[in-house]
Every structure is written in structure tokens, then in C-alpha cells.
Amino acid sequence: MIREILEECQKGLNGVGFNEVVLMLSNTVSTAEVYMNLDDVRFTEEGDVVTFMADGGTHLHMNLEPVKELRFKYTERNERGEPSYSLWFLEENQEPVLRIYLRKSENEATNQPRHELFMALLEKYGESLSVSG
């Protein structure tokens, strides 16, 4: 299920996927952000690990087994007065293990299709979706 959703996020509607994103990892003492395009997402043969590839060799591996819930979070106006779109991956204690935020695209023409994609995924899956790794 997670693979299917990530592939939908990547491929998108009419060739426009999530594209420009920020992957955010955090715990009680630190936060790491990786700015990237969601162009290169790879899964192990078993499908239990996903790798997000960024330019220059930067990459992030995520073990999907601990992920128990996905949340699509949409806010019409964030602190900057702009819409905010994110997909959260939560473990069994409801702690986020990874968050994917859509950045405002430098290519203005893709912002509306990205909005439409996110809203279509939100409608299809709902705000919260239980998954089994």
C-alpha cells in the first residue's frame, strides 16, 4: 500500500507529481531536512525499504515495516498565508518517522496540478490510512 501511494505521489496526474519536496526527519533533539525532487524513488525487491534519491548522491533509506499509518495533512493557510501539503509516515506510537512536504514550485504552472493531485489523493485515501508495513 505504501509503495502504491508513493508511486502515485511520484507519477501524479497528467505527468505532474509531487516534484519539489522536503523530506523531514526529526526526533526529540534534532531535525534533518532534505530538499529534493521526488523523481527517483526505489524499493528493495522485497518492498520493505524505500530509498529516496536526491541530486549529488544524497539519499534517504526508510524501513517501511514500522510504518503503521499515513496521514495526508492539508492546511489552507500556513503561517505565511500559503497552502501547506504534507504526507506523514507514523509508527505505532503515532510518532512521525518521515514527513514529505510539498515546496512551492519554481515552475508556477505545476502548482495547481500538484494541488489537484494532493486533493485527489486526500479524497481517495482519506486524511488517515492504516497500513501494515
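Procedures and definitions
- Residues numbered from 1 in each chain as written.
- Predicted model: local features only at pLDDT ≥ 70, side-chain atom pairs only at ≥ 80, totals over all residues.
- Heavy atoms only, no water.
- Pairing = 2+ DSSP bridges.
- Helix = DSSP H or I, 4+ residues; strand = E, 2+ residues; numbered from the N terminus.
- Axes fitted to C-alpha atoms, helices over the stretch in contact; angles between N-to-C directions.
- Contact = heavy atoms within 4.5 Å.
- Buried < 20%, exposed > 50% of the residue type's maximum accessible area, 1.4 Å probe, protein only.
- Salt bridge = Lys/Arg side-chain N within 4 Å of Asp/Glu carboxyl O.
- Expected span 1.5 Å × (residues − 1).
- Arc of directions from axis to C-beta.

## Concerning the sheet that holds strand β7 (residues 84-90)
Now for step 1: Read from one edge to the other, the open sheet built from six strands follows the order β2-β1-β8-β7-β6-β9, with strand pairing classed as antiparallel. Every interior strand has two partners, whereas the edge strands, β2 (31-37) and β9 (128-130), have only one. Here the average twist between neighbouring strands, direction ignored, is 15 degrees.
Now for step 2: Pairing between strand β6 (residues 69-75) and β7: seven bridges, direction antiparallel. Of the residues in β7, the one forming a bridge with Leu70 is Phe89.
Now for step 3: Along the sheet, helix α1 (residues 2-11) makes contact with β6, β7, β8 (96-102) and β9, crossing β7 at roughly 160 degrees.

## Quick word on unusual backbone geometry
Now for step 1: Positive phi, normally seen in glycine, also occurs at Asn19, with a value near 55 degrees.
Now for step 2: Inspection of the secondary structure puts Asn19 in the loop between α1 and β1 (20-26).

## Details of the pairing of strand β5 (residues 59-63)
Now for step 1: Only one face of β5 is covered, namely the face carrying Leu60 and Met62; the face carrying His59, His61 and Asn63 is uncovered.
Now for step 2: Note: strand β4 (residues 49-53) against β5, five bridges, orientation antiparallel. Within β5, the position partnered with Met53 by the bridge is His59.
Now for step 3: Counted along the chain from β4 to the antiparallel partner β5, the turn is five residues long, and its residue Gly56 has a positive phi close to 75 degrees.

## Brief notes about the pattern of salt bridges
Now for step 1: For the structure on display, the rule yields five salt bridges.
Now for step 2: Here Arg3 makes a salt bridge to Glu7, at a shortest N to O gap of 3.1 Å. Of this pair, Arg3 and Glu7 both sit in helix α1, separated by four residues, roughly a single helical turn.
Now for step 3: Residue classification places Arg3 among the partly exposed positions, given a relative accessible area of 37%.
Now for step 4: The partly exposed category is assigned to Glu7, whose relative accessible area is 24%.
Now for step 5: A salt bridge links Arg42 to Asp40, with the shortest nitrogen-to-oxygen separation between them at 2.8 Å.

## Considerations on helix α2 (residues 111-125)
Now for step 1: With 15 residues, α2 should reach 21 Å at 1.5 Å per residue; the first-to-last C-alpha distance of 21 Å fits that figure.
Now for step 2: Of all the residues in α2, the buried ones are Asn111, Arg114, Leu117, Phe118, Leu121, Leu122 and Tyr125. Angular distribution of buried residues about the axis of α2 spans 135 degrees; they occupy a single face of the element. What points out from α2, more than 90 degrees from its buried face, is the exposed set Glu123 and Lys124.

## As for the sheet that holds β4
Now for step 1: Pairing is antiparallel in the open sheet, where three strands are placed in the order β3-β4-β5. What marks the edges here is a single partner per strand, and that holds for β3 (40-43) and β5. Neighbour to neighbour, the strand axes of the sheet diverge by 20 degrees on average, direction disregarded.
Now for step 2: One ladder, built from four bridges, connects β3 with β4; its direction is antiparallel.

## Thoughts on α1
Now for step 1: Among the residues of α1, Ile2, Ile5, Leu6, Cys9 and Gln10 are the ones counted as buried. For α1, the angular spread of the buried residues around the axis is 135 degrees, confining them to a single face.
Now for step 2: Within two residues after α1, Gly12 carries a phi angle of roughly 70 degrees, on the positive side.

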